[in-house]
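Summary of the model geometry
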Amino acid sequence: MNVTETNAEGLRRELKVVVGADELEEKLSSRLEELKSKARIKGFRPGHVPKEHLRKVYGRSVMAEVVQQAVQETSQKAISEREERPAFQPQVKLPEDEAEINQIFDGKGDLAYTMTFEVLPTVEIMDLGTIALERPTAPVSDKEIDEAIDRIIATNPTFTPKDGPAKKGDRVTIDFVGKLNGEAFDGGTATDAPITLGAGGFIPGFEEGLEGVSTGEEKVVEATFPEAYGEPKLAGKTVQFEVKVKEVAAPQAPTLDDEFAKSLGAESVSQMRETVKGRLEFDRNMASRLKVKRALLDALNEGHSFELPPTLVENEFKAIWDQVLHDQEHSKKTFEDEGTTEEKAKEEYQDIAARRVRLGLLLSEIGSRNEITVSDDEVNKALIERIRQFPGQERQVYDFYRNTPEALAELRAPIFEDKVVDYILELAKVTDKNVSLEELYKDLDDGQGHDHDHDHNHDHDHHHDHDH
């Protein structure tokens, strides 16, 4: 094998690899020797087929295997002998001239092919200890805990039977039988079903049709299944429900006592307050971390300048741009509707793509130099959390991730990034700054631009006061 570098412009590389005809012949002869003991050809005893006869029968097909194997082995060797790291799988261009190919397959010509790739740049890491950041914090007050508990009380009413017609907010307990064209359909029958009017828990028209009913009343309610309903036989269909009203009950705010706290899983009102406080603090800590993480990524991006592999940036831009076009198609909006033009938007997203690639390479380098790794246990925990998002499909989701390495890598990437970020934050000068709740959550969900981390780890989908 002979390797010649034919292009070394910037981060782009092109190599010409030549595998001599004699080397190919040696590989072919070795492969034919393997076949000799296995070949079954009429007129010859097993294991006694002459190699020259095998060459005549299988020569070109075996040479095709030899060439494929030679390309794989020599291309890997050509890369491993260099100190550079390819940014992606090298592209191999094989001979296309028919006469040249025939010469190679006939064992009379050298195999010559080219490899093109881009290498990862040399990254000089700034002094991470010089990074100065402010971490916004918003401590939880007793008043905010009271307000959160008031919301819990409002959304967990008790119901007391009442006389008179049902109205929005009331709970109606009913028996019903749903019919399509006069025939009862599967899943359309229930007994003692509690329905809170206005909650939107049933198909359009059903709850509205129950407004005004009274205890003991019987009524036929018409409602329509959504077009996107999961059961094709019912999707978009208007059906009739024969309803018998068992009870109409009005909502009342529960008394805040230990009994109410126990109904929500707490031991007492005191423990309930501590739980609410903990949830508020957790949510605010998440927002605070995201804010300081964004500031850190900004500082890292501004503090480093190195050449980026063009194809990595191009691929990142394409992924972003495809998502932009998809979102526009879904929202029916144009660039002009958003106060920009397609040309300006492309420039903006090119910058975002470059930022993501730069940060990705930088965080990877920092993690590598400092031996930051992600354990299998950490990936498994992330996988379990992912599986929990698909109740009833746990087995399928588990098998998908276990059989799809790139999907499992997507679970590993944000864990690695967060561990590297934590490492840098330990070195950086970080000072806490008390801010208002509004300031803490400001711009967390703008959904655009540099606020999205380079690996699409959008961990900012947290809204304050998730308290029940």
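All figures in this text were calculated on a predicted structure; none of them were measured in a lab. (Residues numbered from 1 in each chain as written. Predicted model: local features only at pLDDT ≥ 70, side-chain atom pairs only at ≥ 80, totals over all residues. Heavy atoms only, no water.)

1. Focus on the pairing of strand S8 (residues 183-196)
Of the strand pairs in this sheet, strand S7 (residues 171-180) and S8 are connected by eight bridges, and their pairing is antiparallel. Each bridged residue has a counterpart across the sheet, and for Lys179 the counterpart in S8 is Ala184. What sits between S7 and S8 in their antiparallel hairpin is a turn of two residues, with Asn181 showing a positive phi close to 55°. (Pairing = 2+ DSSP bridges. Helix = DSSP H or I, 4+ residues; strand = E, 2+ residues; numbered from the N terminus.)

2. What about the sheet that holds strand S4 (residues 111-118)?
Strand pairs in the sheet, formed through backbone hydrogen bonds, run parallel or antiparallel to each other. On the basis of which strands lie adjacent, the open sheet formed by four strands has the order S1-S2-S4-S3 and antiparallel pairing. Each edge of the open sheet carries a strand with a single partner, namely strand S1 (2-7) and strand S3 (91-93). Neighbour-to-neighbour, the strand axes of the sheet open up by a mean angle of 25°, direction not taken into account. Pairing geometry for strand S2 (residues 12-19) and S4, over eight bridges, is antiparallel. Note on S4: the bridge partner recorded for Arg13 is Phe117. (Axes fitted to C-alpha atoms, helices over the stretch in contact; angles between N-to-C directions.)

3. Comments concerning the confidence of the model for the protein
Mean pLDDT for the protein: 89, with 90% of residues reaching 70 or above. Predicted confidence for residues 447-468 stays below pLDDT 50, and this span has 63 contacts to residues more than four positions away or in other chains. (pLDDT = per-residue confidence, 0-100. Contact = heavy atoms within 4.5 Å.)

4. Details of the pairing of S1
Relative to S2, S1 runs antiparallel, the two sharing five bridges. Looking across to S2, one finds that Thr4 is bridged to Lys16. Remark: four residues form the turn of the hairpin made by S1 and S2, two consecutive strands paired antiparallel; Gly10 in that turn has positive phi of roughly 60°.

5. Things to note about the packing of aromatic side chains
Throughout the structure, instances matching the rule amount to 12 aromatic pairs. Consider the rings of Phe176 and Phe241, whose centres lie 5.7 Å apart with planes at 80°: the pair is edge-to-face. Of the two residues, Phe176 is situated in strand S7 and Phe241 in strand S10 (residues 238-252); the sequence distance between them amounts to 65 residues. Across the pair, exposure class does not vary: Phe176 and Phe241 are buried alike. Between Phe206 and Phe241, the ring centres sit 4.7 Å apart and the planes meet at 70°, which makes this aromatic pair edge-to-face. Of this pair, Phe206 sits in helix H5 (residues 206-210) while Phe241 sits in strand S10, and the two are 35 residues apart along the sequence. (Phe/Tyr/Trp six-rings, centres within 6.5 Å; stacked < 30°, edge-to-face > 60°. Buried < 20%, exposed > 50% of the residue type's maximum accessible area, 1.4 Å probe, protein only.)

6. Focus on the pattern of salt bridges
One pass over the full model with this rule turns up 29 salt bridges. Residue Arg171 is joined to Glu247 by a salt bridge in which the shortest nitrogen-to-oxygen separation is 3.6 Å. Of this pair, Arg171 sits in strand S7 while Glu247 sits in strand S10, placing them 76 residues apart in sequence. In this structure, Asp322 and Lys318 form a salt bridge, with 2.9 Å as the shortest nitrogen-oxygen distance. One end of the pair is Asp322 and the other is Lys318, both in helix H8 (residues 310-331) and four residues apart, which spans about a single turn. Beyond isolated ion pairs, a larger network of salt bridges with shared partners links Arg289, Lys293, Glu417, Asp418 and Asp422. (Salt bridge = Lys/Arg side-chain N within 4 Å of Asp/Glu carboxyl O.)

7. Some thoughts on helix H12 (residues 405-427)
The end-to-end C-alpha distance of H12, which contains 23 residues, comes to 33 Å, matching closely the 33 Å that a straight helix rising 1.5 Å per residue would cover. Considered for burial, the residues of H12 that qualify are Ala407, Leu408, Leu411, Pro414, Ile415, Glu417, Val420, Val421, Ile424 and Leu425. Lining the buried residues of H12 we find strand S5 (132-137), helix H7 (269-302), helix H9 (342-369), helix H10 (376-387), helix H11 (394-402) and strand S11 (429-434). (Expected span 1.5 Å × (residues − 1).)

8. Focus: the packing of H7 against H9
The N-to-C vectors of H7 and H9 enclose an angle of 90°; their axes lie 10 Å apart at closest approach. It follows from the interaxial angle that H7 and H9 lie roughly perpendicular. For the pair H7 and H9, contact is made by Arg294, Leu297, Asp298, Leu300 and Asn301 and by Arg355, Arg358, Leu359, Leu362 and Leu363, respectively. Residues of the contact of H7 with H9, tallied by class, amount to five nonpolar, one polar and four charged. (Parallel < 35°, antiparallel > 145°, perpendicular 65-115°, else oblique. Nonpolar A, V, L, I, M, F, W, Y, C, P; charged D, E, K, R; others polar.)

9. Remarks on unusual backbone geometry
Residue Lys332 is not a glycine yet carries a positive backbone phi of 65°. With respect to the secondary-structure elements, Lys332 resides in the loop between H8 and H9. For Asp443, which is not glycine, the phi torsion reads 70° and is therefore positive. In this structure, Asp443 sits in the segment after helix H13 (437-441).

10. A closer look at the packing of H10 against H12
At a closest axis distance of 9 Å, the pairing of H10 and H12 adopts a crossing angle of 115°. Considering their axes alone, H10 and H12 lie roughly perpendicular with respect to each other. Relative to H12, H10 is oriented so that their crossing is right-handed. In contact with Asp376, Glu378, Val379, Ala382 and Leu383 of H10, H12 contributes Leu408, Leu411, Arg412, Ile415 and Lys419. (Left-handed = near helix turned anticlockwise from the far one by under 90°.)

11. Considering the nonpolar core
With 33 residues, the main nonpolar core has Ile131, Leu296, Leu300, Leu308, Tyr349 and Ile424 as its most contacted residues. Secondary structure elements with two or more residues in this core: H7, H8, H9 and H12. Sort the elements by how many residues they give to this core and H9 lands first, with 11 residues. With 22 residues, the next largest nonpolar core counts Leu180, Ile203, Val213 and Val239 among its residues. (Core = buried A, V, L, I, M, F, W, Y, C linked by side-chain atoms within 4.5 Å.)

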